[in-house]
Amino acid sequence: MPSEPLLEAVDVAKTYADGTAALAGVTLAVQSGETVALVGESGSGKTTLLRTFNRMIEPSAGTVRIEGKPVMDLDPIDLRRRTGYVPQDGGLIPHWRVERNVELVPRLLGWDRDRRKERTREMLELVGLSAAQAGRYPAELSGGQRQRVAFARALAADPPLILLDEPFGALDALTRLELHRQFLELKSRLGKTAVLVTHDLGEAFRLADRIGVMRAGRLLQLGAPAELADRPADPYVSALLELRRG
Amino acid sequence: MGRIWPIWGAILFLALPLQAADRVVVGSKNFEESRLLAEMFAQLLESRTTLQVERRLGLAGTQVCFEALKSGAIDVYPEYTGTGLVSILGEQAQGGPDQTLNRVRSEFLRRWNVWWLAPLGFENSWEIAVPRELAEREHLETITDLARVSKSLHGGFGHEFVGREDGLLGLQKTYGLQFRSVDHLQQAIQYQAAKQRTIDALDVYSTDGRLILYNLKVLRDDRDFFPPYEAAALVRGETLKKHPEVGAVLGLLAGSLDEDAMRAYNLRLQEKHESEVVVARDALRAIGLVVKEGNAPEPVSRKPGVLAYLWGARRDLGRLTLQHLGLSAAALLLGALFAIPLGLWLERHRRWAETVIRILGLLQTVPSLALLAFMIPLLGVGALPAIVALWIYSLFPIVRNTYTGVRDADPKAVEAATALGMTPGQILREVRLPLAAPVVMAGLRTAAVITVGTATLAAFIGAGGLGEPIVTGLQLADSAMILSGAIPAALLALVVDALLGWVEKSLRPAGLEREGSA
């Protein structure tokens, strides 16, 4: 019998006050330890869906559950502190040094100083940053380094689930490949559950265990990369795969 | 904060209406004759009573003076019966001097318990004057005579006179005057124009010293068109009750001055730039009410060049600069204490933001003199209303910059901070506010420059500061005196701006400097 999914969305819909439907009822389940990529063009609803998971957006209908508990029953602040988050540009707080950025969530959770210091050192080492870089300001780092700090920050409080919103989108090709390699390494070492939003199908194939293809607020197909390639469930999915091969 | 307290304390002290029992405050309007009469009142009271006399000379016009009197900010000031009737009571002028005096006396007593003492003996009314040479050639004695020849003459009148029913409009109807042409001129230019014979007739005040200087003849108002403007002391009833000697002593001046004497005194003030302190002393001597030597403050010489003047007045200017800084600092501090929290509140309640900021922006456009005048019925004269007015001006830049600075602070960082579980309060304190600090500071800096600049106008309501020599200098057409206030005021604004610019830079959070080059 399959274990209970870590993250579950049931008929999640989002309609804005002006009538536009960003999500038209999406159901999916993410198992513990797996990485699911959500792909689709901009406006497909993939980021909106991701943001319902940590209640940055409240769905108009449907339920999101984490570890079986509806997120609507959780305090949003608590929920977010227990969920990792990496945005496209790092979203580092510019007037805080790297170490202060990394220890953000542990500090919010009230960890004592020694424990925070230790954890920050550990995290920076994990993402391949030197102790010297811990004292720098974000503006003094390269784009790739900033993104690594964002990963370290997302992992610092050891959350079971990490939400990634186009985390490699703003990087140049070489840096992106280097970070992809590192992501896979972290994935095998830490076994975290992750939801990765990307518009890059190649990235999804490289990093994800399963891929969800979204279009116009719907999840067209969710499956392993090979499954998508062999049995596309929708003409849009096959067209997308054609494009990738072409 | 700690270092500001002494200044702040001093300001509060200055602003508090000092209700010392043995004190009387003499006020005046902002022109030479009013200041001279007030100075005479003050010197006389100083020499003949034991009261402590305070001078608040140069208040901006009738409304300001009268409100100050009603509110008790001043106890006495020189006023004209016609002004009382037309400007204060809002009635039509009718009848002769006695009728006018009786009318204002009874109404002022009934409405405000304000007393008109016995008139000083001269009128300073609107009159029509012509060059003496023209008057002699055409045998002009009265305005009726003027109407006879007006078709061939050029009139040159002040802007106010031209537009008023009790000015040129009514005059033309009453006398059938018809000039060949009428120019609208500034008062100072009118005299020059008459001298060059560009104009042949002009409106004047009957005691203006320049009538002598420019050799003009005042034509008799033979149909009593102009209301009588007899000068008299206007005193609060409460003051007279508490200190009856004020009425007795000022009563000594009844009927003691005439138009010729006043023209001569005004000439000394207007053209020879003598101090009203000296002229007042001479005037009292001439009447025989000799004032003890040394009682009045020593006159300041007014003739040297700007630099020498600045040097000569350095002690006064130092005091005025401190006063100026005190007014500005108090207004700015209060502004910051109110406007920064308001800006933060608006960021959390954004639907109010536009309305509130727009209202503050509108307040900003109220002319400063008008705003100062509005303050008087509420707060009297002196430092307090000035600080409140300056405070109002300081709000807009601070609120606007605080609101937009906090609202627009690095949206990506704010988004990430939210997604990682910082509370809105934590984000405000730890992220938005530090990032917005330079923008908030820039708003404070703008407010400071506005405040220091506008504080020069505080002198109009007797709050002192560097506007004092500017206001007095303007009335006396004494450019050295004007500059002695204007130059330090401008320097002060520059220094404050530079200083706050430095603070702004040092408040810029570390880590932001290199953003542009990263």
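Owing to the predicted nature of the structure, the values given are computational and were not obtained by experimental measurement.

Colleague: For this particular structure, what's the right way to read the overall build of chain A?
Modeller: Along its length, chain A carries 11 helices and 10 strands. Looking at chain A as a whole, 54% of its 246 residues qualify as buried. Long-range pairs, those at least 24 residues apart, make up 67% of the contacts in chain A between residues at least 6 apart in sequence. For chain A, the computed accessible surface area is about 10,700 Å², with 49% contributed by carbon and sulfur atoms.

Colleague: Looking at this structure, how should I read the overall build of chain B?
Modeller: Helices and strands together make up the secondary structure of chain B, namely 24 helices and 10 strands. Expressed as a percentage of its 518 residues, the buried residues of chain B come to 55%. Taking the intrachain contacts of chain B between residues at least 6 apart in sequence as the baseline, contacts between residues at least 24 apart amount to 76%. When the accessible surface of chain B is totalled, it reaches about 23,000 Å², and 58% of it is carbon and sulfur.

Colleague: Teacher, can you tell me more about the confidence of the model for chain B here?
Modeller: Predicted coordinates in regions of low pLDDT should not be interpreted in detail. Residue and element names in this part refer to chain B. For chain B, the average pLDDT comes to 85, and 91% of its residues sit at 70 or higher. Every residue in residues 294–302 is under pLDDT 50, and counting partners more than four places away or in other chains gives 22 contacts. Counting interchain partners and residues more than four positions distant, the pLDDT-below-50 stretch residues 514–518 has 4 contacts. What the predictor reports for the complex is a pTM of 0.64 with an ipTM of 0.91.

Colleague: Any chance you could explain the packing of helix H4 (residues 81–88) of chain B against helix H5 (residues 97–112) of chain B here in plain terms?
Modeller: A packed helix pair is summarised by two numbers, namely the angle formed by the two axes and the spacing between the axes. All names here are of chain B. The geometry of H4 relative to H5 is characterised by a closest axis approach of 9 Å and an angle of 60 degrees between their N-to-C directions. In terms of their interaxial angle, H4 and H5 are classed as oblique. Crossing of H4 against H5: the hand is left-handed. Of H5, the residues touching H4 (which contributes Thr-81, Gly-82, Gly-84, Leu-85 and Ile-88) are Thr-100, Leu-101, Arg-103, Val-104, Phe-108 and Trp-112. Among the residues forming the contact of H4 with H5, the class breakdown is 6 nonpolar, 4 polar and 1 charged.

Colleague: Teacher, can you tell me more about the packing of aromatic side chains here?
Modeller: We describe a pair of aromatic rings using the distance from one ring centre to the other and the angle between the two ring planes. Considering all chains together, one arrives at 13 aromatic pairs over all chains under this definition. Seen from their ring centres, Phe-151 of chain A and Phe-168 of chain A are 5.8 Å apart, and the 20 degrees between their planes marks the pair as stacked. Of this pair, Phe-151 of chain A sits in helix H7 (residues 143–155) while Phe-168 of chain A sits in the loop between strand S7 (161–165) and helix H8 (173–190), placing them 17 residues apart in sequence. Both residues of the pair, Phe-151 of chain A and Phe-168 of chain A, count as buried. Ring centres of Tyr-191 of chain B and Tyr-214 of chain B lie 5.5 Å apart, and the angle between their planes is 40 degrees; this geometry places the pair in the tilted category.

Colleague: Please clarify how the pattern of salt bridges should be interpreted in this entry.
Modeller: Pairs can form between side chains of opposite charge whenever their charged atoms are close. Going through the model one piece at a time under the given rule, you end up with 46 salt bridges over all chains. Ionic pairing is found between Glu-118 of chain A and Arg-121 of chain A, a salt bridge with its closest N-O pair at 3.0 Å. Pair noted here: Glu-118 of chain A and Arg-121 of chain A are both in helix H5 (residues 113–126), with a separation of 3 residues, about one helical turn. Glu-118 of chain A gets classed as partly exposed once you look at its relative accessible area, which sits at 38%. Residue classification places Arg-121 of chain A among the partly exposed residues on the basis of a relative accessible area of 44%. Where Glu-274 of chain B meets Arg-268 of chain B, a salt bridge forms, and the shortest distance between an N and an O atom there is 2.8 Å. Glu-274 of chain B sits in the partly exposed class, given a relative accessible area of 24%. Overall, Arg-268 of chain B belongs to the buried group, its relative accessible area being 18%.

Colleague: Any chance you could explain the sheet that holds strand S7 (residues 181–185) of chain B here in plain terms?
Modeller: The pairing of strands in a sheet happens through backbone hydrogen bonds and is either parallel or antiparallel. All names here are of chain B. Within the open sheet, the 5 strands sit side by side as S7-S6-S8-S5-S9. Their pairing is mixed. Strands with a single pairing partner mark the edges of an open sheet, and in this sheet they are S7 and strand S9 (216–219). Across this sheet, the average inter-strand angle for adjacent strands is 35 degrees, counted without regard to direction. Taken together, the 4 bridges between strand S5 (residues 126–131) and strand S8 (residues 201–205) define a ladder with antiparallel strand orientation. Of the residues in S8, the one forming a bridge with Ala-129 is Leu-202.

Colleague: I keep staring at the interface of chain B and chain A and nothing clicks. Help me out?
Modeller: Put simply, an interface is often sized by how much accessible area is lost when its parts join up. The interface of chain B with chain A comprises 24 residues on the first partner and 24 residues on the second. For the chain B and chain A pair, buried surface summed over both sides reaches about 2,000 Å², with 65% attributable to carbon and sulfur atoms. At the junction of chain B and chain A, the tally comes to 3 salt bridges. The partner of Lys-412 of chain B in a salt bridge is Asp-89 of chain A, with the nearest N and O atoms 3.9 Å apart. At the boundary of chain B and chain A, one finds 6 residue pairs in polar contact (both at pLDDT 80 or more). Here the side of chain B that touches chain A gets 7 residues from one element, more than from any other, and that element is helix H21 (residues 411–419) of chain B. Of the residues in the side of chain B that touches chain A, the class split is 13 nonpolar, 5 polar and 6 charged.

Colleague: Can you walk me through a nonpolar patch on the surface in this structure?
Modeller: All names here are of chain B. Residues Leu-483, Ile-487, Leu-491 and Leu-494 make up a contiguous nonpolar surface patch of roughly 350 Å² in combined accessible area. For Ile-487, the location among the structural elements is in helix H24 (residues 479–507). Residue Ile-487 is classed as partly exposed on the basis of its relative accessible area, which comes to 33%.

Colleague: Would you mind going over the pairing of strand S6 (residues 154–158) of chain B with me for this structure?
Modeller: If a strand is regular, its side chains alternate between the two faces of the sheet. All names here are of chain B. Of all 5 residues in S6, 4 are buried, a share of seventy percent or more. Taken together, the 5 bridges between S6 and S7 define a ladder with parallel strand orientation. In the sheet register, Phe-157 faces S7, and the bridge partner there is His-184. Of the pairings in the sheet, the one linking S6 to S8 comprises 2 bridges and is parallel in character. Looking at S8, one finds that Gly-156 is bridged to Leu-202.

Colleague: Help me out: how do you make sense of unusual backbone geometry in this one?
Modeller: Apart from glycine, the bulk of residues carry a negative phi angle, and the bulk of peptide bonds sit in the trans form. All names here are of chain A. Phi at Glu-67 takes a positive value of approximately 50 degrees, unusual for a residue other than glycine. Position of Glu-67 among the secondary structure elements: in the loop between strand S4 (61–66) and strand S5 (69–70). A positive phi angle is found at Ala-216, which is not glycine, with a value near 50 degrees. Its place among the elements puts Ala-216 in the loop between strand S9 (210–215) and strand S10 (218–223).

Colleague: Explanation requested: the confidence of the model for chain A in the structure shown.
Modeller: Residue-level pLDDT values for chain A average 91, and 98% of them are 70 or greater. Of all secondary-structure elements in chain A, the lowest mean pLDDT belongs to helix H11 (residues 235–245) of chain A, at 83, while helix H4 (residues 104–108) of chain A reaches the highest, 96.

Colleague: How should I be thinking about the sheet that holds S10 of chain A in this particular structure?
Modeller: Residues and elements named next belong to chain A. Strand order in the open sheet formed by 6 strands is S6-S7-S8-S3-S9-S10, with mixed pairing between adjacent strands. On the outer flanks of this sheet lie strand S6 (83–86) and S10, each paired with one strand and no other. The sheet shows a mean angle of 15 degrees between the axes of neighbouring strands, direction not considered. Where strand S3 (residues 35–39) meets S9, 4 bridges bridge the pair, whose relative direction is parallel. By the bridge assignment for S9, Leu-38 is matched with Gly-212. Most of the contacts of H7 go to S6, to which it runs at about 170 degrees, and overall it touches S6 and S7.

Colleague: Please explain the packing of helix H18 (residues 350–365) of chain B against helix H20 (residues 383–407) of chain B as it appears in this structure.
Modeller: All names here are of chain B. With their axes 8 Å apart at the nearest point, H18 and H20 run at an angle of 150 degrees to one another. Overall, the two elements H18 and H20 adopt an arrangement that is roughly antiparallel. Of the two elements, H18 crosses H20, and the hand of that crossing is left-handed. Residues Arg-350, Ala-353, Ile-357, Leu-360, Gly-361, Leu-363 and Gln-364 of H18 pack against Ile-392, Tyr-393, Leu-395, Phe-396, Pro-397, Val-399, Arg-400, Tyr-403 and Arg-407 of H20. Grouping the constituent residues of the contact of H18 with H20 by class yields 11 nonpolar, 2 polar and 3 charged.

Colleague: Looking at this structure, I do not really get helix H2 (residues 32–48) of chain B. What am I missing?
Modeller: Given 3.6 residues per turn, any residue in an α-helix points the same way as the ones three and four places further on. Helix length check: H2 of chain B, at 17 residues, gives a terminal C-alpha distance of 24 Å against a target of 24 Å (1.5 Å per residue), a fit within 8%. Burial of H2 of chain B is extensive: 16 of the 17 residues sit out of reach of the surface.

Parameters and conventions
- Residues numbered from 1 in each chain as written.
- Chains lettered and ligands numbered in written order.
- Predicted model: local features only at pLDDT ≥ 70, side-chain atom pairs only at ≥ 80, totals over all residues.
- Heavy atoms only, no water.
- Helix = DSSP H or I, 4+ residues; strand = E, 2+ residues; numbered from the N terminus.
- Buried < 20%, exposed > 50% of the residue type's maximum accessible area, 1.4 Å probe, protein only.
- Contact = heavy atoms within 4.5 Å.
- Areas by Shrake-Rupley, 256 points an atom, 1.4 Å probe, with all protein chains shown as cover.
- pLDDT = per-residue confidence, 0-100.
- Axes fitted to C-alpha atoms, helices over the stretch in contact; angles between N-to-C directions.
- Parallel < 35°, antiparallel > 145°, perpendicular 65-115°, else oblique.
- Left-handed = near helix turned anticlockwise from the far one by under 90°.
- Nonpolar A, V, L, I, M, F, W, Y, C, P; charged D, E, K, R; others polar.
- Phe/Tyr/Trp six-rings, centres within 6.5 Å; stacked < 30°, edge-to-face > 60°.
- Salt bridge = Lys/Arg side-chain N within 4 Å of Asp/Glu carboxyl O.
- Pairing = 2+ DSSP bridges.
- Buried area = accessible area lost by both parts, 1.4 Å probe.
- Polar contact = N/O pair within 3.5 Å; in protein donor to acceptor, adjacent residues only side chain to side chain.
- Patch = residues over 30% accessible without salt bridge, like charges linked within 9 Å, V, L, I, M, F, W, Y side chains within 5 Å.
- Expected span 1.5 Å × (residues − 1).

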